[in-house]
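Analysis of the macromolecular model
This is what each chain is made of:
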Amino acid sequence: MAKQRFSVPDMHCSACVMRLESLEDELPGVKQVKASYHKQEMEVEYDESKLTLEDLLEAVQKKGYHPQPME
Ligand SMILES: [Cu+2]
């Protein structure tokens, strides 16, 4: 299981948090998504045997956001 934090600068309200957290149910391999509107960050726990970082970035971008992986 991998954990990755992303900066999501275009998250602008609590509805964004819910949209991002819905990836948990929509994307196979995602175990947990924690998004913070105040920090403009999200943390994703995922199974790297089912999902790559690129898949994850693409899914978030499809929702209209521009995630930047953090260290
Ligand atoms: Cu919003």
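Residues numbered from 1 in each chain as written. Predicted model: local features only at pLDDT ≥ 70, side-chain atom pairs only at ≥ 80, totals over all residues. Heavy atoms only, no water.

1. Let's talk about helix H1 (residues 14-21)
Test applied: Accessible area is worked out with a 1.4 Å probe on protein chains only. A residue is then buried under 20% of its type maximum, exposed over 50%, and partly exposed in between. For helices the rule is a DSSP run of H or I covering at least 4 residues; for strands it is a run of E covering at least 2, with both sets numbered from the N terminus onward. By construction, the arc corresponds to the directions joining the helix axis to the C-beta atoms. In what follows, residue pairs with any heavy atoms lying within 4.5 Å of each other are defined as contacts.
Turning to H1, its buried residues number three or more, namely Cys-16, Val-17 and Leu-20. For H1, the angular spread of the buried residues around the axis is 105 degrees, confining them to a single face. Exposed side chains of H1 directed beyond 90 degrees from the buried face belong to Ser-14 and Met-18. Where H1 is buried, its residues contact helix H2 (23-26), strand E2 (30-36), strand E3 (41-46) and helix H3 (53-62).

2. Looking at the pairing of E3
Rules: Pairing between strands is defined by DSSP: at least two bridges between them are needed.
Here E3 lies mainly inside the structure; five of its six residues are buried. When strand E1 (residues 2-7) meets E3, the two strands line up antiparallel, connected through six bridges. Along E3, the bridge assignment pairs Phe-6 with Met-42. In this sheet, E3 lies alongside E2 in antiparallel orientation, the contact comprising six bridges. Counterpart to Gln-32 in the pairing with E3 is Glu-45.

3. Observations concerning the coordination of the copper ion
In plain terms, the rule: Water is not among the atoms examined, so metal sites may look incomplete; donors are the N, O and S atoms within 2.8 Å of the metal, or within 3.2 Å for Na, K and Ca.
The protein atoms donating to the copper ion are His-12 (ND1), Cys-13 (SG) and Cys-16 (SG), with metal-donor distances spanning 2.1 to 2.8 Å. Counting gaps between the donor residues of the copper ion yields the pattern H-C-x2-C. The exposure class of Cys-16 is buried, given its relative accessible area of 3%.

4. Some points on the pattern of salt bridges
For clarity, the cut-off: Criterion for a salt bridge: a side-chain nitrogen of Lys or Arg within 4 Å of a carboxyl oxygen of Asp or Glu.
This structure, assessed with the given rule, holds five salt bridges. One salt bridge connects Glu-45 with Lys-31, and the closest N-O pair in it is separated by 3.7 Å. Of this pair, Glu-45 sits in strand E3 while Lys-31 sits in strand E2; the two residues are 14 residues apart in sequence, bridging distant segments of the chain. Its salt-bridge partner being Lys-50, residue Asp-47 comes within 4.0 Å of it at the nearest N-O pair. For Asp-47, a relative accessible area of 19% corresponds to the buried category.

All quantities given are derived from atomic positions and should not be read as evidence of function.
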